[in-house]
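Here are the chains, one letter per residue:
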Amino acid sequence: MAINLPLLLPFLLFLFNSHFTLSFSGSVNSMESVPDLTKSMYVDFNGYPCVRLLNLTGEIGCSNPGRDKVVAPVVRYKNVNEVTKPSAVLVSLYEFLELFGRISNDSNFAKNIGGVLVEQGMDTQIISKGFSPDQKFPGAEFAPYKTNNYEWNPIGAGMMWRAYSFPVFLLNEGGTQLVQEVAMNNEKKKNDYTEDVVEFDLVMQTTKSGTHDSESCLQEQTCLPLGGYSVWSSLPPINNSSSNHSKPIILTVASMDSASFFRDKNLGAESPISGLIALLAAVDSLSCVNGLDDLSKQLVFSVFTGEAWGYLGSRRFLFELDLQSEAVSGLNSSLIETVIEIGSVGKGFSQGKNTFYAHTAAVSLATNETLDALKHARDSLELKNITVSSASTSNPGIPPSSLMAFLKKNPSTSGMVLEDFDTSFSDKFYHSHLDDMSNINSTAIVAAASLVARTLYILASDDKDLSSTVLDAINVNASLVEELMSCLLDCKTGLSCELVKSYIVPTNQCPNHYVGVILGEPSSNPYLGYVDDVSRFIWNFLADRTSSSMEDVRSDCSKECSSGVCIKAEADGKGVCAISTTRYVPAYSTRLKYESETWHVLPSDSSDPMGMVDPVWTESNWDTIRLQVYTAQNVAFDRLVLLAGIAITIMAYLAIVLTRAYIAKALKRD
């Protein structure tokens, strides 16, 4: 048998070399070690994942379909009419909407979606049309009125409330460039034996364990409840030993959390952080006013978290008030005279309109006094072009807001929500990753903060004839507003800004306003490692700005602050003792109880109407979330290599047998 073995060697070397060449790298770098080889073969890149969330009836969000990683070749959606095999589809944000519409309507197409990669950036179509993955009426089930089909968010696509059995990532700029190059390479070598693939590691523990609702995953400990820590503070501090602690309360609220299709890309600049910044700026301006102890009413400020997920913060706050727990010590719900909420105010000066809208719950004496005070405050401002209008009477009620929780609890609650829209959201990027700092302007926030600060002083003083001289002393610091915007909304500066670092040591630079999960046992005095950066900053900021100005009280915290709180302790390791009524309030579902280091779902209670419709949101645990790209041979070529290997082995064996027989025969002849 004639076999030319030397001719097989080049073929084997060719197979070996082709397996280790990354087609998208452009060149082969010199290898000096196994780690160098691995780094050259497998390229990690970054993205923002859509993750798996659960409630009492099922799941939403994204996950790998099983226990294993997903490996799929990259294709560009715009260049393929049909996806004939499991693929990682690269889409622009505009194509993202079209793709998910097609996935919902075409099961044959959907079964070949191995994963979705969304490019960074937005085109003119998105800018003009907007993009919101939330519902047209967010949180309709919690509304204190029955017109639940009203569209506060007309462009809402609702996609973030559906479940997807494939991974979805929003790419950063570097990842976008890399995957675009990978997709182009795959198009060039369409019929080649190799292809560039993405490996998705988005395996959720709930998927692995088969726990597909909140109750079962909490029992198996494969998930944790959504939640965090709200903060409230009083100005001036409440003295429980004094008779003044029974003053009527004017409660001003804002939210600190937002939502997005992508978990870690969640700024919420217009909705709701513009309102949060306005509240902090209003507190700062009021803290500089003398004689606050002499006011007829008590000012209380509360910043809730978890509001985007069933009003977790405001509902838990009201629940703690009913219990009169330590978290709300000094407060009495019966003393709350009116609730003023600062909603989305960052676009109040957009499109040539300098208008804010007052959305009120119902006609009452307290509501009318609030509207009169708001008008008085508007008239006192030097900016005469600001307009404050009552919201349209055609609206079914107040827009989605924390005030809904108060009204659901007590329909007679007097309240107002200050917004920059009338009949529908002005935010075209509501609850999307595009709601960033470019979506708001500081002038509008300064104006809103000025209106609120002066309105609160007018209401608290209970003097309808306050002189303009008194109100002119209440001035919002525009520089502080711009600094807060940079700290809370800009990843370049972010939580590493000087203002934040003067209070806390942030764990992340880039702010993210997703509520997260609640860790450990909920407490009014929590372990600070379980409290997120933004909540800790807000607690310190409010405790500082609302604290007593008595110089003899403020000292370092080397000894326990027996008569106050310790602020700035993280920043310098010593901290400052100050008299301030500032508290953390755990924010999590009222249907949950933490007992014996385990979360339990409580039966629904007819006395808690919002609890009856509470989905009880949880987030799946996971081990790692990772994206990699590398070159792989297609299955047909792998089979060819296998057959070639088997053939070579057989031929080599036959060659050895024939050679031995030939040698043996030759030796006998000799």
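The following refers to the structure shown.

What counts and what doesn't
- Residue numbering note: each chain is counted from 1, following its sequence as written.
- Per-residue local features are limited, in this predicted model, to residues with pLDDT of at least 70; the limit for side-chain atom pairs, both in listing and counting, is 80 or more; totals at the level of whole chains, interfaces and linings are taken over all residues.
- Note that water and hydrogens are dropped before the side-chain values are worked out from all heavy atoms of the structure.
- Per-residue accessibility, obtained with a 1.4 Å probe over protein chains only, is compared with the maximum for each type, and a residue is labelled buried under 20%, exposed over 50%, and partly exposed between these values.
- For the purposes of this entry, the term helix denotes a DSSP run of H or I that reaches at least four residues, the term strand denotes a run of E that reaches at least two, and both are numbered from the N terminus.
- Whether two strands pair comes down to DSSP finding at least two bridges between them.
- Residue contacts are defined here by distance: any two heavy atoms, one from each residue, within 4.5 Å place the two residues in contact.
- The term salt bridge refers to a pairing of a side-chain nitrogen on Lys or Arg with a carboxyl oxygen on Asp or Glu at a separation within 4 Å.
- Whenever a helix is involved, its axis is fitted only over the stretch in contact; in every case the axis is a line through C-alpha atoms, and angles between N-to-C directions fall within 0 to 180 degrees.
- Each angle gets one of four labels, with under 35 degrees taken as roughly parallel, over 145 as roughly antiparallel, 65 to 115 as roughly perpendicular, and the rest as oblique.
- We call a crossing left-handed when the near helix sits turned anticlockwise from the far one by less than a right angle, and right-handed when that turn is clockwise.
- When residues are sorted by character, Ala, Val, Leu, Ile, Met, Phe, Trp, Tyr, Cys and Pro go into the nonpolar class, Asp, Glu, Lys and Arg into the charged class, and all the rest, Gly among them, into the polar class.
- Only residues whose relative accessible area exceeds 30% and that take part in no salt bridge are eligible for patches, with like-charged residues grouped when within 9 Å of each other and nonpolar side chains (Val, Leu, Ile, Met, Phe, Trp, Tyr) grouped when within 5 Å.
- Residue burial considers only the protein chains on display, and all accessible areas are found by Shrake-Rupley using a 1.4 Å probe.
- Only a pair of cysteine sulfur atoms within 2.5 Å qualifies as a disulfide here.

## Description of the pairing of strand 16 (residues 355-360)
With five of its six residues buried, strand 16 lies for the most part within the structure. Relative to strand 17 (residues 387-390), strand 16 is paired through four bridges, and the arrangement is parallel. If you follow Tyr357 over to strand 17, its bridge partner there is Ser389. By the bridge criterion, four bridges tie strand 16 to strand 18 (residues 415-419) in an arrangement that is antiparallel. For Tyr357, the partnering residue across the bridge sits in strand 18 and is Glu419.

## Description of the environment of Val75
Looking at where Val75 falls in the secondary structure, it is placed in strand 5 (residues 70-76). In sequence terms Val75 and Leu90 are 15 residues apart; their C-alpha atoms lie 6.1 Å from each other. Look past the residues within four positions of Val75 in its chain and what remains in contact with it is Val80, Ser87, Ala88, Val89 and Leu90.

## Details of the pattern of salt bridges
Enumeration over the complete set of coordinates arrives at 22 salt bridges. Glu195 is the partner of Lys85 in a salt bridge, and the nearest nitrogen-oxygen pair spans 3.1 Å. Highlighted residues: Lys85 in the loop between strand 5 and strand 6 (87-91) and Glu195 in strand 10 (residues 194-201), separated in sequence by 110 residues. Across the salt bridge formed by Lys297 and Glu337, the nearest N and O atoms sit 2.6 Å from each other.

## Regarding the sheet that holds strand 22 (residues 582-587)
With respect to topology, eight strands assemble into an open sheet ordered 17-16-18-15-13-14-12-22, the strand pairing being mixed. Each edge of the sheet is formed by a strand with only one pairing partner; in this case those strands are strand 17 and strand 22. Each strand of the sheet is rotated relative to its neighbour by a mean of 20°, with strand direction disregarded. Pairing analysis gives five bridges linking strand 13 (residues 249-255) to strand 15 (residues 336-342), with the strands arranged parallel. Along strand 15, the bridge assignment pairs Leu251 with Val339. Against the sheet, helix 11 (residues 365-380) contacts strand 15, strand 16, strand 17 and strand 18, and its axis sits at roughly 35° relative to strand 18.

## Brief notes about the packing of helix 9 (residues 269-287) against helix 15 (residues 478-489)
When two helices pack together, their arrangement is given by the angle between the helix axes and the distance between those axes. Orientation of helix 9 relative to helix 15, taken along the N-to-C sense of each, is 140°, at an axis distance of 10 Å. Regarding the angle of helix 9 to helix 15, the classification is oblique. In the packing of helix 9 onto helix 15, the handedness of the crossing is right-handed. Residue-level contacts link Ala269, Ile273, Leu276, Ile277, Leu280, Ala281 and Asp284 of helix 9 to Leu480, Val481, Leu484, Met485, Leu488 and Leu489 of helix 15. The residue inventory of the contact of helix 9 with helix 15, partitioned by class, reads 12 nonpolar, no polar and one charged.

## Focus on unusual backbone geometry
In terms of backbone geometry, most residues other than glycine have negative phi values and most peptide bonds are trans. In this structure, Pro236 follows Leu235 across a cis peptide bond, with omega equal to -5°. Take Pro236: it is sitting in the loop between strand 12 (228-235) and strand 13. Residue Pro272 is bonded to the preceding Ser271 through a cis peptide linkage, with omega at 15°. Relative to the elements of secondary structure, Pro272 occurs in helix 9. Positive phi outside glycine occurs at Tyr311, with the angle close to 55°. Despite not being glycine, Val616 has its phi angle at roughly 60°, a positive value. Residue position: Val616 is located in the loop between helix 19 (609-612) and strand 25 (618-620).

## Some thoughts on a nonpolar patch on the surface
Together, Leu642, Leu643, Ile646, Ile650, Tyr653, Leu654, Val657 and Leu658 give the surface a local cluster of nonpolar side chains, amounting to about 760 Å² of exposed area. Topologically, Leu642 is positioned in helix 20 (residues 635-669). Given a relative accessible area of 53%, Leu642 falls into the exposed group.

## Digging into the state of the cysteines
Covalently bonding the sulfur atom of one cysteine to the sulfur atom of another cysteine gives a disulfide. What the rule picks out here adds up to five disulfides. For Cys491, the disulfide goes to Cys510, at an S-S distance of 1.7 Å. One end of the pair, Cys491, is in the loop between helix 15 and helix 16 (498-501); the other, Cys510, is in the loop between helix 16 and helix 17 (533-545), and 19 residues separate them in sequence. For Cys491, a relative accessible area of 30% corresponds to the partly exposed category. No disulfide involves Cys288; its nearest neighbouring cysteine sulfur is the one of Cys487, lying 18 Å away.

Just distances and angles here, no functional claims.
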